Amino acid sequence: MTKEMATPEDYIAQLPEERQEAVQKLRETIQAHLPHGFEEVMSYGMISYVIPHSVYPAGYHVNEDEPLPFIILASQKNYVAFYHMGVYSFPEILDWFKEEYKKRVPTKLDMGKSCIRLKKMDQIPYELVGELCEKITPEEYIERYEAARK
């Protein structure tokens, strides 16, 4: 991605055709399943779901002018990246996700600390992504975030 996009719709529209449908469906899945209190924004040129300053005025410790990030959706060169800070912060949810992924997806999980790399657009586990999005409320995330910062 070389050009900053103003809206998620702009971002998706400029993706290669084979990625547009998958990223749009991921976006819709996230929106349908995230608990109330998260907000969709464009941040660092990616579709982001954050805890806004109106809910968490302290913002992100790296840059307090930025809201606290939770999920980021991005199209990278070789995959679609689904960054979920909760799997990094809640080991029990990470363990659950890994087990469920094995049961539902025929390919091996490709994952960093919080980045789930989705390489096969026809094998994205949308239902599992939705379940993952439901697992952490903004309040729970803020509590865990603040505890980790101390």
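What you see is a predicted model; the values in this text were computed from it and never measured. (Residues numbered from 1 in each chain as written. Predicted model: local features only at pLDDT ≥ 70, side-chain atom pairs only at ≥ 80, totals over all residues. Heavy atoms only, no water.)

Novice: What am I meant to see in the packing of helix α2 (residues 17–33) against helix α5 (residues 126–134) here?
Specialist: Helix-helix packing: each pair is described by the crossing angle between the helix axes and the interaxial distance. As a packed pair, α2 and α5 sit with axes 8 Å apart at the nearest point and diverge in direction by 35°. In terms of crossing hand, the pair formed by α2 and α5 is right-handed. On α5, the residues that touch Ala22, Lys25, Leu26, Thr29, Ile30 and His33 of α2 are Tyr126, Val129, Gly130, Cys133 and Glu134. Split by residue class, the contact of α2 with α5 holds 6 nonpolar, 3 polar and 2 charged. (Axes fitted to C-alpha atoms, helices over the stretch in contact; angles between N-to-C directions. Helix = DSSP H or I, 4+ residues; strand = E, 2+ residues; numbered from the N terminus. Left-handed = near helix turned anticlockwise from the far one by under 90°. Contact = heavy atoms within 4.5 Å. Nonpolar A, V, L, I, M, F, W, Y, C, P; charged D, E, K, R; others polar.)

Novice: Which parts of the structure should I look at to understand the side chain of threonine 29?
Specialist: Take threonine 29: it is sitting in helix α2. Assessed through its relative accessible area of 11%, threonine 29 is described here as buried. (Buried < 20%, exposed > 50% of the residue type's maximum accessible area, 1.4 Å probe, protein only.)

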